[in-house]
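Topology and contacts: notes
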Amino acid sequence: MSDHALRRTTPQAGPTTTDERESPTAVRLEDVTHEYGSSGGRGRSSEDRTVTALRDVTLDVAAGETVGLEGPSGSGKSTILHAVSGLLVPTAGRIQLLDTADLTSLSDRERTRLRRHHVGIVFQRFHLLPSLSARANVALPLVQAGINRSTRRQRAESLLEQVGLGDRIDHSPGELSGGERQRVAIARALVTDPDVIVADEPTGELDTATGADVLDLLTDIGRDRTVLVASHDDSTLAVANRVVTLRDGRVVDDGR
Ligand SMILES: Nc1ncnc2c1ncn2[C@@H]1O[C@H](COP(=O)(O)OP(=O)(O)OP(=O)(O)O)[C@@H](O)[C@H]1O
């Protein structure tokens, strides 16, 4: 794997890590509150009981910044990542992604479109399709984007090579180790060349050595993209320029 292997195909506008104070805002949450199970939001729960996962969260992430989210289990880290990705619409508040309109004011279709173009998501448990090869898993977001087959294959293979899996292109997830699966998932997250990467406990399923390889990739990705990474793990949080601490759905320290 070469150094800086995961550079963008289209460079991000504005300065990157050199001086974040002057960088444009890539992600902004403003007074975001989310109650799962509340009729006002579109949570993942269908129960009547409501759980307040976020309370008045205001948070700015500059373009090119890597921000870590830490806090006890249930403090709201994943909920923030889902809201930034447009996977859920918070009960209250606004979310600005790049220079687009408030995510919460968009239709489902517009929000999905924005996510597909601008956000790459890395989950703790990889979320790969077991029946597809590594190449097809990585190429999948490009099918949704309407890209032709040969370009899809080319881009997927190139990314798999860049994450060190050039010899695993035709393997299915079941034939790969945990670390290799996470690298496939990272390649998939990058395939649309997104501006923002969100990673939810990306090393949670991996042993220390394998996790370290994934963190090297995340560091590389963070050189010219905006990254939000939620974790309990200090070595994962160490890749961040700044760590935001949550407690009971509130930001108690924004790391500045
Ligand atoms: N789909 C859901 N339905 C109802 N409540 C939920 C749902 N998802 C999360 N919650 C609740 O919202 C709160 C915040 O959860 P969230 O997953 O954002 O926390 P977290 O900090 O990411 O936790 P962890 O570190 O365990 O992943 C918790 O009280 C959780 O139980």
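Below or above, wherever it landed, is the structure these notes cover. (Residues numbered from 1 in each chain as written. Predicted model: local features only at pLDDT ≥ 70, side-chain atom pairs only at ≥ 80, totals over all residues. Heavy atoms only, no water.)

**Things to note about the environment of Ser-177**
To be explicit about the condition: Helix and strand labels come from DSSP, where a helix needs a run of H or I of at least four residues and a strand needs a run of E of at least two; each type is numbered from the N terminus. Any residue under 20% of the maximum accessible area for its type is buried, any over 50% is exposed, and the rest in between are partly exposed; the area is computed with a 1.4 Å probe on protein chains only.
Relative to the elements of secondary structure, Ser-177 occurs in the loop between helix 4 (149–162) and helix 5 (178–190). Under the relative-accessibility criterion, Ser-177 is labelled partly exposed at 37%. Separated by 33 residues in the primary sequence, Ser-177 and Thr-210 place their C-alpha atoms 9.4 Å from one another.

**A look at the pattern of salt bridges**
Let me state the cut-off plainly: The rule for a salt bridge is simple: a side-chain nitrogen of Lys or Arg has to be within 4 Å of a carboxyl oxygen of Asp or Glu.
Tallied over the full model, the rule gives 14 salt bridges. Here Arg-28 makes a salt bridge to Asp-60, at a shortest N to O gap of 2.6 Å. Within this pair, whereas Arg-28 is found in strand 1 (residues 25–36), its partner Asp-60 is found in strand 2 (residues 51–62), the two being separated by 32 residues in sequence. Note that Arg-256 and Asp-254 form a salt bridge whose closest N and O atoms lie 3.7 Å from each other. For Arg-256, a relative accessible area of 65% translates into the label exposed. By sharing partners, the salt bridges in this structure join Arg-28, Glu-30, Asp-31, Asp-60 and Arg-94 into a single network.

**Some remarks on the sheet that holds strand 1**
Just so we agree on the cut-off: What makes two strands pair is DSSP finding at least two bridges between them. All axes here are fitted lines through C-alpha atoms, helices being fitted over the stretch that makes contact, and every angle between N-to-C directions spans 0 to 180 degrees. Contacts are assigned to residue pairs that have any heavy atoms within 4.5 Å of one another.
Taken in spatial order, the 3 strands of this open sheet run 2-1-4, and their pairing is antiparallel. Two strands close off the open sheet at either side, each with one partner strand: strand 2 and strand 4 (92–97). In this sheet, adjacent strand axes meet at a mean angle of 15 degrees when their direction is disregarded. Both strand 1 and strand 4 contribute to a ladder of 5 bridges, which runs antiparallel. Looking across to strand 4, one finds that Thr-33 is bridged to Ala-92. Contacts from helix 1 (residues 77–84) reach strand 1, strand 2 and strand 4, with the element oriented near 120 degrees to strand 1.

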